[in-house]
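Geometric and topological summary
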Amino acid sequence: MCFKRHKLSNRIHQVLIKSVILIVFLLCTENIHGQEYYYEKYDTKEIGSESMSKVIQDKEGTLWFCSYNGLFSFEGKEFTGYKNGLSHAELSDAVITRDGRFFVLAASDGLHEFTGKAFIPVSGVDRNTEELYMQVNEISEGVLHILTTERFIEYNYIKNEIVKEFDGFRYARRFEYFNGKIWIADMNDGIVVIDSEKNTVKKITPFSESNFYCINKDKLGNVWIGGNRVVLKMSGQEKIEAYYRSPDNASLRIIDILPTKDNTLLLSTFEKGIYSLNPDKRPAKLNPGVDIFDLVYADIFKDSEENYWLLPVTGSSLVKLRLNIYKHPLKPQAYTFKLNLKNDSTLLCINAKKGLEEINLGNGEIDTLPVSKTVEPRITTFYDYCYLKNKETLVATDAGIFVAKDSLYAYTDNRNTDADIFHLLPVNNDKSAIAFGTTSKQGFVLNINPKKEMKKYKDYRPRIYMFADSIDVGTYFYIDRKGWYVHKFFTPDPDQEEHLVKKSTSVTIPIKISDRKYLYVQSDTIGIGELYKTSAKTDWKVKETALKNERLPLKNLGFSAIDSSDNIWAVNRSSIYKIRIDSLKGQVNVTHRYRLHEKNANIKTEKIVDVLKEKNKLFITTDKELIIWELTEKMTALPPEIKHVDLPEGIKNDTINASGIPYDIELPYNKSHLTLHFSSNEFFLPASIDYSYKLVSESLSAQSWSAPTTKTSLDFSFLAPGNYTLLLRATDRFGRWSEGHTEYTFSVSPPFWKTPWFFTAVGGAILLALYTLHQIRVNYLKKINRVQQKYSHRLIEAQEDERKRVARELHDGVGQSLVLLKNEGSTPEYESKIDLLIDDVQRISNNLHPEYIRRLGLTKAIKYLLKNMDEVSYTYFRCEIDDDIDHHYEGERALHIYRIVQECVNNIIKHADAPDAWICLKIKNQRLKIWIADNGKGMKTNPLTLNKVNSLGLKSIEERIFLLGGTYKMKRKGEKGGFEVLCKIPL
């Protein structure tokens with residue numbers, strides 16, 4: 001029992017340890033190091049192949065994709081497929097040789113040469129149907145190396161002969177060259193090493209691993225090998241090390257590796273997506289939560305534009321990945337600014353709400369300097385920081401000045417500074433500092449000396465300091481919301497300490513471009529302000545020079561400080577501009593523009609807080625996020641910009657974009673013409689730029705791009721009504737077309753007789769007319785029906801009156817005469833005959849007008865009727881009547897029911913020749929149900945056509961049921977005969 005408990009305890013410990021390893025791995029791969037890269041997706045179903053295996057690029061920049069459905073070329077916009085001459089279209093690899101010949105490998109059909117239109121099988125390489133052709137490479141001019149799953153072939157395509165061949169393995173995947181040998185990643189035999197000079201084949205299984213899927217060499221000569229749960233690194237004298245090994249419970253089966261320039265490895269894994277493996281050896285999943293990055297990709301390829309292509313095995317999603325921009329996982333809750341790069345992996349900044357921070361750019365961790373508990377409640381906003389040579393860091397807050405070492409604590413001499421300190425300016429070779437602050441009542445300037453003493457100068461009005469700089473010994477320049485000021489210390493005249501240089505409002509924080517020169521933005525003007533002394537050399541003035549600006553939008557821009565190459569970097573929501581100031585021409589030159597045109601790459605806010613340019617990286621902070629852009633001098637063509645739109649006379653549109661261009665214009669049908677003027681974003685040799693357009697609309701047939709032209713305007717006239725989208729694209733100076741295009745939408749309204757509301761109104765009028773005619777007809781039929789009802793009612797009343805009169809005449813006239821004749825009779829035989837006649841007269845009289853309905857009730861009247869019919873016919877009548885019918889039916893209504901029963905009974909006697917008949921009157925669900933049936937010979941006429949039969953009896957039944965507000969149904973009982981009538985009459 002104790003042994004079992006011990007064994008169970010060990011198992012629990014093992015499970016816990018594995019769980020901890022898994023959790024740590026997931027934290028490392030997802031949360032700590034995850035970065036969000038930008039990508040474009042192409043649906044490979046639309047180009048005819050869901051799966052791809054390899055991609056190469058020719059000298060012209062065209063990409064060639066080997067797929068499971070032939071070869072596809074891609075020149076930036078569209079795919080073109082080729083498979084003419086291929087008996088099996090599953091391609092595994094391709095190579096373009098030094099002499100320009102194009103060879104492809106069909107996985108199950110060997111080597112083919114591609115002529116540009118068709119594929120020609122290469123006869124010099126034998127084909128084995130039991131192996132797959134995996135990789136081809138040119139080793140020297142005229143010589144190809146070909147790898148199959150079972151052989152390695154050296155083939156001379158000029159002589160069309162196999163030079164060497166090696167075998168002895170069965171599941172080869174990829175090969176690479178290292179130290180004059182051929183290294184093959186094999187899925188079963190580990191690593192196969194071929195020494196072509198010695199004609200030897202050797203198999204090795206480093207670290208007892210025998211399953212490898214890929215092998216690649218980086219620019220430094222290191223070889224990277226990917227396998228099941230492991231990444232191997234081979235360098236130097238064939239030294240192999242286990243560079244990364246994933247935990248057992250979170251294994252990554254690595255099917256391709258691509259080294260990048262920053263010592264990061266891109267890993268394509270089986271069924272777990274794409275990962276990046278940084279030098280800290282912690283894998284980070286690319287774009288967590290994006291479904292396409294969870295697919296299986298056979299190959300990762302970097303093109304000449306530094307785009308990374310992910311080739312799908314499944315999922316039909318070809319992905320172009322951009323690694324030169326990513327958003328950091330840091331999402332500050334407040335403004336983060338005053339960026340400084342401490343080293344290649346650490347960014348210093350100040351967070352308005354949290355204080356001084358160090359951001360680890362490798363793993364995203366944030367180290368915030370703690371605040372002493374004695375001062376923490378007093379601080380709500382952090383404004384600035386600076387370093388002094390005594391290794392102290394001063395921090396400006398809304399509660400005064402503090403010192404940052406191991407934690408943030410109050411400055412030694414902190415009296416009278418419990419106020420907003422906006423700026424700290426290092427002076428005296430960073431040995432002391434000048435602080436600019438304010439309270440609710442006064443603004444002030446402090447001099448902080450190395451002895452930790454603060455000298456407060458003259459108080460001024462309350463102000464918010466936006467910028468400060470040292471311009472001379474003991475003289476400082478600063479800007480607040482009212483204007484530009486110069487402050488001079490140690491002057492004999494206290495009134496001369498502060499001097500207003502220039503009044504101004506709405507000045508964006510200036511950028512220092514040289515001593516006493518500052519770049520500023522005010523409203524829609526960008527200019528340079530230069531401070532200088534007057535002739536008396538006591539006062540300062542500012543010379544403002546507005547700069548010519550044609551390319552740089554000024555709204556919501558953030559600027560970096562001038563870099564070592566005299567460039568300034570300006571950032572807005574959609575673009576990054578590299579600008580230079582040409583003082584001689586007095587203009588701003590935009591030398592490069594980086595467009596954030598990748599999917600989801602736009603900055604999510606218009607509030608650019610700070611910009612820092614360090615080496616080849618640009619750090620951008622907003623009020624929402626930190627963005628890092630890796631700069632490259634490779635320019636891609638950008639879509640053109642629409643500069644002006646000429647509208648027809650009398651057409652106004654109040655909807656304009658940030659550039660003042662009207663959009664979503666609606667033109668009337670009789671003024672359907674407009675002219676658009678546009679220009680390229682290429683700033684060099686603009687005359688060499690070509691443009692092309694496509695006008696898309698439902699009213700037009702499928703349109704293709706227009707022929708290239710250098711015209712920078714388009715005229716459209718006599719357009720049909722509809723919605724239009726104009727697509728514009730442009731080339732750069734090298735003739736490369738832009739990846740994206742500019743869209744401009746407008747519409748032409750139809751004439752009123754072609755508008756939907758007109759058709760709706762006409763349709764509504766027609767429906768109303770039809771409805772009116774229908775109602776007139778219905779009312780007319782109702783009126784006819786009422787007239788017919790009234791006529792039928794009067795006719796039946798007249799019929800009953802006539803029957804009543806005839807019955808009375810028979811009773812009072814003929815009946816009395818027969819009684820007198822009987823009394824005069826002399827023989828019994830004579831009297832008997834007279835009695836029979838008297839009975840017949842009484843029966844006929846009662847049938848014509850059953851007076852006993854009024855005296856005895858409906859139930860007894862019907863039973864009396866059936867008793868009489870039993871006596872005069874051979875049909876046996878069975879009767880079932882509810883007792884309470886007499887309470888519901890009296891007078892005229894009872895007479896109608898009686899006549900209905902009477903007519904049906906007479907029809908049975910006359911026509912049915914039935915031995916039996918059933919009469920049933922029941923009350924159910926507030927209705928009287930009359931069921932009359934017989935087992936006679938039935939009726940030859942279809943009951944459904946009885947209304948067309950000229951029968952007064954049936955017409956009488958129908959009229960009486962109609963007068964009672966009921967319904968009826970007549971039908972045959974079966975094939976052998978019989979007939980039944982069912983009436984339903986409301987109570």
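Conventions adopted
- Residues numbered from 1 in each chain as written.
- Predicted model: local features only at pLDDT ≥ 70, side-chain atom pairs only at ≥ 80, totals over all residues.
- Heavy atoms only, no water.
- UniProt positions renumbered as here; feature names shortened; annotations may be inferred.
- Helix = DSSP H or I, 4+ residues; strand = E, 2+ residues; numbered from the N terminus.
- Buried < 20%, exposed > 50% of the residue type's maximum accessible area, 1.4 Å probe, protein only.
- Contact = heavy atoms within 4.5 Å.
- Areas by Shrake-Rupley, 256 points an atom, 1.4 Å probe, with all protein chains shown as cover.
- Phe/Tyr/Trp six-rings, centres within 6.5 Å; stacked < 30°, edge-to-face > 60°.
- Lys NZ or Arg CZ within 6 Å of the ring centre and 35° of its normal.
- Pairing = 2+ DSSP bridges.
- Axes fitted to C-alpha atoms, helices over the stretch in contact; angles between N-to-C directions.
- Core = buried A, V, L, I, M, F, W, Y, C linked by side-chain atoms within 4.5 Å.
- Patch = residues over 30% accessible without salt bridge, like charges linked within 9 Å, V, L, I, M, F, W, Y side chains within 5 Å.
- Salt bridge = Lys/Arg side-chain N within 4 Å of Asp/Glu carboxyl O.
- Polar contact = N/O pair within 3.5 Å; in protein donor to acceptor, adjacent residues only side chain to side chain.
- Expected span 1.5 Å × (residues − 1).
- Parallel < 35°, antiparallel > 145°, perpendicular 65-115°, else oblique.
- Left-handed = near helix turned anticlockwise from the far one by under 90°.
- pLDDT = per-residue confidence, 0-100.
- Disulfide = S-S within 2.5 Å.

Going by what an unreviewed UniProt entry lists, the protein chain is known as histidine kinase and is assigned to Sinomicrobium pectinilyticum. For the protein chain, the Catalytic activity (unreviewed entry) comment in UniProt is given as "ATP + protein L-histidine = ADP + protein N-phospho-L-histidine."

Observations concerning the overall build of the protein chain
For the protein chain, the helix and strand inventory stands at eight helices and 67 strands. A burial count over the protein chain gives 47% of its 987 residues as buried. For the protein chain, the proportion of contacts with a sequence separation of at least 24, taken over those separated by at least 6, is 49%. A total of about 51500 Å² of accessible surface is found on the protein chain, and carbon and sulfur atoms cover 51% of it.

With respect to the packing of aromatic side chains
Applying the stated criterion across every chain yields a total of 34 aromatic pairs. Taking the centre distance of 6.0 Å and the plane angle of 35 degrees together, the rings of Trp64 and Tyr82 count as tilted. A residue pair is termed long-range when its members are at least 10 positions apart, and Trp64 in strand β3 (residues 63–67) and Tyr82 in strand β5 (residues 79–82) qualify at 18 residues. Relative accessible area serves as the criterion here: at 11%, Trp64 is assigned to the buried category. Through a chain of ring-to-ring contacts, three or more aromatic side chains come together here, namely Tyr669, Phe752, Trp753, Trp757, Phe758 and Phe759. In this arrangement the basic side chain of Arg729 is found over the ring face of Trp705, its NZ or CZ atom lying 4.4 Å from the centre.

Focus on the sheet that holds strand β13 (residues 161–167)
Strand pairing in a sheet relies on backbone hydrogen bonds, with the paired strands running either antiparallel or parallel. If you trace the four strands from one edge of the open sheet to the other, you get β10-β11-β12-β13, paired in antiparallel fashion. Looking along the sheet, the strands with just one partner apiece sit at the ends: β10 (133–140) and β13. With strand direction ignored, the average angle separating the axes of adjacent strands in the sheet is 20 degrees. Where strand β12 (residues 151–156) meets β13, six bridges bridge the pair, whose relative direction is antiparallel. The partner of Glu154 across the bridge, within β13, is Lys164.

Looking at unusual backbone geometry
A positive phi angle, near 55 degrees, is found at Glu238, a position not held by glycine. Here Glu238 is to be found in the loop between β20 (230–235) and β21 (239–245). Glu238 sits in the partly exposed class, given a relative accessible area of 27%. Backbone geometry places Asp913, a non-glycine residue, at a positive phi of 50 degrees. Checked against the element boundaries, Asp913 lands in the loop between α7 (891–912) and β64 (916–924).

A word on the pairing of strand β15 (residues 181–186)
For β15, a buried count of five out of six residues is recorded, marking the element as mostly surrounded by other parts of the structure. Here strand β14 (residues 172–178) runs beside β15; their pairing, made up of six bridges, is antiparallel. Within the sheet, the bridge partner assigned to Arg174 lies in β15 and is Ala185. Here β14 folds back onto β15, and the loop between the two strands holds two residues, one of which, Asn179, carries a positive phi near 55 degrees. Note that β15 and strand β16 (residues 190–195) share five bridges and pair antiparallel. Residue Ile184 lies in a different strand from β16, and its bridge partner there is Val192. A loop of three residues connects β15 with β16, the two strands running antiparallel in sequence.

Some points on the nonpolar core
With 38 residues, the main nonpolar core has Ile897, Leu921 and Ile930 as its most contacted residues. Elements represented by at least two residues in this core include exactly α4 (852–856), α5 (858–872), β63 (876–881), α7, β64, β65 (927–934), α8 (952–963) and β67 (979–986). Here the element with the most residues in this core is α7; it accounts for 10 residues.

Here we look at the sheet that holds strand β35 (residues 400–404)
Strands sit in the order β33-β34-β35-β36 across an open sheet of four strands; the sheet is antiparallel. Two strands in the sheet have a free side with no partner beyond their single neighbour: β33 (382–387) and β36 (408–410). Taking each pair of neighbouring strands and ignoring which way they run, the sheet shows an average axis angle of 30 degrees.

Some thoughts on a nonpolar patch on the surface
Side chains of Val762, Ile766, Leu767, Leu770, Leu773 and Ile776 sit close together on the surface and give an oily, nonpolar patch of about 590 Å² of accessible area. Residue position: Leu767 is located in helix α2 (residues 756–824). With a relative accessible area of 58%, Leu767 lands in the exposed category.

Comments concerning the side chain of Ser53
Here Ser53 lies in strand β2 (residues 52–57). By relative accessible area, Ser53 is classed as buried at 10%. At a separation of 2.6 Å, a polar atom in the side chain of Ser53 contacts the main-chain carbonyl oxygen of Leu91. For Ser53, the contacting residues outside a window of four places in its chain are Cys66, Tyr68, Leu91, Ser92, Arg174, Ala298, Asp299 and Leu311.

Here we look at α7
Between its first and last C-alpha, α7 extends 31 Å over 22 residues, near the 32 Å set by a 1.5 Å rise per residue. A positive phi of about 50 degrees marks Asp913, the residue just after α7.

Some remarks on the pattern of salt bridges
Taken as a whole and assessed by the stated rule, the structure comprises 18 salt bridges. Here Lys54 makes a salt bridge to Asp299, at a shortest N to O gap of 3.8 Å. Residue Lys54 is located in strand β2, and its partner Asp299 is located in strand β26 (residues 297–302); the two are separated by 245 residues in the primary sequence. Residues Lys54 and Asp299 agree in their burial class; the two are buried. One salt bridge connects Arg174 with Asp93, and the closest N-O pair in it is separated by 3.7 Å. On the criterion of sequence distance, the pair formed by Arg174 in strand β14 and Asp93 in strand β6 (residues 91–96) is long-range, its members being 81 residues apart. A single salt-bridge network, built from bridges that share partners, covers Glu131, Arg151 and Glu165.

Notes on the packing of α5 against α7
Taken N-terminus to C-terminus, the directions of α5 and α7 make an angle of 15 degrees; their axes are 10 Å apart at the nearest point. Put simply, α5 runs roughly parallel to α7. Considering the relative orientation of α5 and α7, their crossing is right-handed. Counting all contacts with α5, which are made through Leu858, Ala861, Ile862, Leu865, Leu866 and Met869, the residues of α7 involved are Ala894, Ile897, Tyr898, Val901, Gln902, Val905, Asn906 and Ile909.

Points about the confidence of the model for the protein chain
For the protein chain, the mean per-residue pLDDT works out to 78, and 79% of the residues sit at or above 70. Below a pLDDT of 50 lies the segment residues 329–333, which in the model reaches 13 contacts outside its immediate sequence neighbourhood of four places, other chains included.

As for the environment of Phe758
For Phe758, the position within the fold is in helix α2. What makes Phe758 partly exposed here is its relative accessible area of 25%. Among residues more than four places away in sequence, those in contact with Phe758 are Phe752 and Trp753.

A short note on the state of the cysteines
Under the defined criterion, the tally for this structure stands at zero disulfides. In this structure Cys983 is not part of a disulfide, and its nearest cysteine sulfur, from Cys904, lies 6.2 Å away.

Some thoughts on the side chain of Thr859
Mapped onto the secondary structure, Thr859 falls in helix α5. Using a relative accessible area of 8% as the deciding quantity, one classes Thr859 as buried. What Thr859 contacts, discounting residues up to four positions off in sequence, is Ile881, Asp882, Ile885 and Asp886.

Looking at the environment of Asn549
Here Asn549 shows up in the loop between β48 (540–546) and β49 (558–559). Between the alpha carbons of Asn549 and Gly586 there is a distance of 9.2 Å; along the sequence they are 37 residues apart. Sequence-distant contacts of Asn549, defined by excluding residues within four places in its chain, comprise Ile526 and Leu554. Within the structure, the side chain of Asn549 is placed 2.7 Å from the backbone oxygen of Leu552, a separation counted as a polar contact.

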